[in-house]
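Secondary and tertiary structure notes
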Amino acid sequence: NAGVTQTPKFQVLKTGQSMTLQCAQDMNHEYMSWYRQDPGMGLRLIHYSVGAGITDQGEVPNGYNVSRSTTEDFPLRLLSAAPSQTSVYFCASSYFPGQGATEAFFGQGTRLTVV
Amino acid sequence: SQQGEEDPQALSIQEGENATMNCSYKTSINNLQWYRQNSGRGLVHLILIRSNEREKHSGRLRVTLDTSKKSSSLLITASRAADTASYFCATDAAGNMLTFGGGTRLMVKP
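The rules we used
- Residues numbered from 1 in each chain as written.
- Chains lettered and ligands numbered in written order.
- Predicted model: local features only at pLDDT ≥ 70, side-chain atom pairs only at ≥ 80, totals over all residues.
- Heavy atoms only, no water.
- 1 Å grid on protein atoms, 1.4 Å probe; cavity = no way out; pocket = protein on both sides within 12 Å on 5 of 7 lines; lining within 4 Å.
- Points joined across faces, edges and corners; volume = space filled by probe spheres on them.
- Helix = DSSP H or I, 4+ residues; strand = E, 2+ residues; numbered from the N terminus.
- Nonpolar A, V, L, I, M, F, W, Y, C, P; charged D, E, K, R; others polar.
- Contact = heavy atoms within 4.5 Å.
- Disulfide = S-S within 2.5 Å.
- Buried < 20%, exposed > 50% of the residue type's maximum accessible area, 1.4 Å probe, protein only.

This part takes up the layout of surface pockets. Rolled over the atoms, a probe as big as a water molecule pinpoints where empty space is left. What the largest pocket holds in volume is close to 470 Å³. In this structure, the largest pocket is lined by 22 residues; those nearest its centre are A:Gln37, A:Gly40, B:Gln37, B:Ser39 and B:Gly40. Contributing elements (two or more residues each) for the lining of the largest pocket: strand 9 (87-94) of chain A together with strand 9 (85-92) and strand 11 (104-109) of chain B. The residue makeup of the lining of the largest pocket, split by class, is 7 nonpolar, 11 polar and 4 charged.

A word on the environment of B:Asn22. Residues and elements named next belong to chain B. When you line up the elements, Asn22 lands in strand 3 (residues 19-24). Spatially, the C-alpha atoms of Asn22 and Pro8 are 7.1 Å apart, while their sequence positions differ by 14 residues. Not counting residues within four places of it along the chain, the set of residues in contact with Asn22 comprises Glu5, Glu6, Asp7, Trp34, Ser72 and Ser73.

Our focus in this paragraph is the state of the cysteines. Counted under the stated rule, the structure contains 2 disulfides over all chains. Across a sulfur-sulfur distance of 1.8 Å, A:Cys23 and A:Cys91 are joined as a disulfide pair. The sign of the -70° torsion about the S-S bond sets the A:Cys23-A:Cys91 disulfide as left-handed. Placement of the pair is A:Cys23 in strand 3 (residues 19-25) and A:Cys91 in strand 9, with a sequence separation of 68 residues. For A:Cys91, a relative accessible area of 0% corresponds to the buried category. Covalently, B:Cys23 is tied to B:Cys89 through a disulfide, its sulfur atoms 2.0 Å apart. Since a negative S-S torsion denotes a left-handed disulfide, the B:Cys23-B:Cys89 link at about 65° is right-handed. With a gap of 66 residues between them, B:Cys23 in strand 3 and B:Cys89 in strand 9 connect regions that are remote in the sequence. Exposure remark for B:Cys89: the relative accessible area of 0% places this residue in the buried category.

This part takes up unusual backbone geometry. A cis geometry characterises the amide bond from A:Thr7 onward to A:Pro8, with omega recorded as -5°. Within the element layout of this structure, A:Pro8 appears in the loop between strand 1 (4-7) and strand 2 (10-13). A cis geometry characterises the amide bond from B:Asp7 onward to B:Pro8, with omega recorded as 0°. Among the secondary structure elements, B:Pro8 is positioned in the loop between strand 1 (5-7) and strand 2 (10-14). Although it is not a glycine, A:Asn28 sits at a positive phi angle of roughly 60°. Mapped onto the elements, A:Asn28 comes out in the loop between strand 3 and strand 4 (31-37). When its relative accessible area of 53% is taken as the criterion, A:Asn28 is described as exposed. For B:Ala78, which is not a glycine, the phi torsion comes out positive at approximately 45°. With respect to the secondary-structure elements, B:Ala78 resides in the loop between strand 8 (71-76) and strand 9. We classify B:Ala78 as partly exposed; its relative accessible area is 38%.

By themselves these figures say nothing about function.
What follows is the structure in structure tokens.
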């Protein structure tokens with residue numbers, strides 16, 4: 001049972017380049033989300049999905065796109081990278097058994113630097 | 001803006017002492033969760049307390065929730081050097097995704 005797997009672990013991009021951060025989970029969780037964590041700060045929600053085919057924006061969605069074609073995968077696309085997107089990105093997944101979310105499982109993160 | 005705010009931002013204690021971290025939030029919640037993050041790693045879930053609960057225990061962890069004050073506290077008893085990490089509270093307000101606070105950086109000195 002791998003849990004939540006993120007690739008790549010590290011990435012350096014030039015300003016204006018695009019890329020996709022991959023996230024996969026093998027726990028059959030309905031809910032998946034992407035967060036970014038800047039130095040010394042907490043996590044800010046970028047986008048989330050409540051199931052295949054359904055996505056929604058979080059607190060800081062600008063510059064990012066997501067799609068959810070399967071339950072397992074939730075890729076995050078940077079359309080045109082900017083230095084302000086230098087951060088550590090975390091993907092998370094959880095069940096949703098009715099009222100309130102259960103614990104979230106996190107990937108190990110992708111450390112992205114935009115130069 | 002973030003829903004939860006932890007206090008203190010940093011805490012340094014000796015091994016064996018207790019560590020208390022506080023979290024305040026702004027809106028009504030379904031539940032509140034505490035997570036731990038070791039340096040450079042992903043977050044790991046520690047404990048969840050629902051809005052109708054006041055206190056919960058898990059091993060050396062004790063969490064309290066006061067919905068009237070919109071606050072929670074995490075107590076780690078008999079701390080160990082291995083407890084050194086950042087601790088985050090996260091609130092589930094809309095029944096969807098979690099909103100995280102800025103975290104408390106805990107250092108436990110041997």
